[in-house]
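Topology and contacts: notes
Here is what each chain is made of, one letter per residue.
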Amino acid sequence: MTDKELFAEAVKAAEHSYSKYSHFRVGAALLAADGRVFTGCNIENASYSLTNCAERTAVFKAVSEGCTEFKAIAIAGSPSDDFSKPCSPCGACLQVLSEFCGDDFVIVLSNGWFRLSDFLPKRFSEESMK
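These numbers come from a predicted model, not from an experiment. (Residues numbered from 1 in each chain as written. Predicted model: local features only at pLDDT ≥ 70, side-chain atom pairs only at ≥ 80, totals over all residues. Heavy atoms only, no water.)

1. Re the sheet that holds strand S5 (residues 112–115)
Read from one edge of the open sheet, five strands run S2-S1-S3-S4-S5, paired in mixed fashion. A single partner strand is all that each edge strand has here, and the edge strands are strand S2 (37–41) and S5. Across the sheet, the mean angle separating the axes of adjacent strands is 20 degrees when strand polarity is ignored. (Pairing = 2+ DSSP bridges. Helix = DSSP H or I, 4+ residues; strand = E, 2+ residues; numbered from the N terminus. Axes fitted to C-alpha atoms, helices over the stretch in contact; angles between N-to-C directions.)

2. Details of a nonpolar patch on the surface
Judged by side-chain polarity, Tyr18, Tyr21, Ile43 and Tyr48 come together as a nonpolar surface patch covering roughly 410 Å² of accessible area. The topology assignment puts Tyr21 in the loop between helix H1 (3–14) and strand S1 (25–32). (Patch = residues over 30% accessible without salt bridge, like charges linked within 9 Å, V, L, I, M, F, W, Y side chains within 5 Å. Areas by Shrake-Rupley, 256 points an atom, 1.4 Å probe, with all protein chains shown as cover. Salt bridge = Lys/Arg side-chain N within 4 Å of Asp/Glu carboxyl O.)

3. Description of the side chain of Glu55
Note that Glu55 resides in helix H2 (residues 54–64). Apart from the residues within four sequence positions on either side, Glu55 is in contact with Val26, Ala28, Ile73, Ile75, Pro89, Cys90 and Cys93. (Contact = heavy atoms within 4.5 Å.)

4. Remarks on the pairing of S1
Summarising burial for S1: eight of the eight residues are buried, a large majority. Of the two faces of S1, the one lined by Arg25, Gly27, Ala29 and Leu31 and the one lined by Val26, Ala28, Leu30 and Ala32 are each fully buried. As judged from the eight bridges shared by S1 and strand S3 (residues 70–78), these two strands associate in the antiparallel manner. Each bridged residue has a counterpart across the sheet, and for Ala32 the counterpart in S3 is Phe70. Taken together, the five bridges between S1 and S2 define a ladder with antiparallel strand orientation. Each residue of the ladder has a partner; that of Leu31, found in S2, is Val37. With antiparallel pairing between neighbouring strands as the criterion, S1 and S2 make up a hairpin whose turn holds four residues, including Gly35 at a positive phi of roughly 95 degrees. (Buried < 20%, exposed > 50% of the residue type's maximum accessible area, 1.4 Å probe, protein only.)

The following block contains the structure:
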């Protein structure tokens, strides 16, 4: 799957966003090592701390189906239908991704691709606690 195809899946996932408070729709498409794609959208709650981001929705969906090895994730976010501006993952999502993905894990945004280590160079991990 190409970066553009994965990003298109993220845009489609954003259509399911429940974002009645922020009006900022986000979709994510997570490419598993076995080729499956798990999508997710942001799901807001009146109690903002209970909101779940699109990236974590996709990861949790994949893990709940027994998949824990991933190649890339595409993220698309917008308050309108224009997904041309990059929507970077938040720190919580980066930390969740780092639980399952190495530094070379690819993050695809509207303006290109990056590595997990570009966003989270000193991640919290089991090794960092030693």
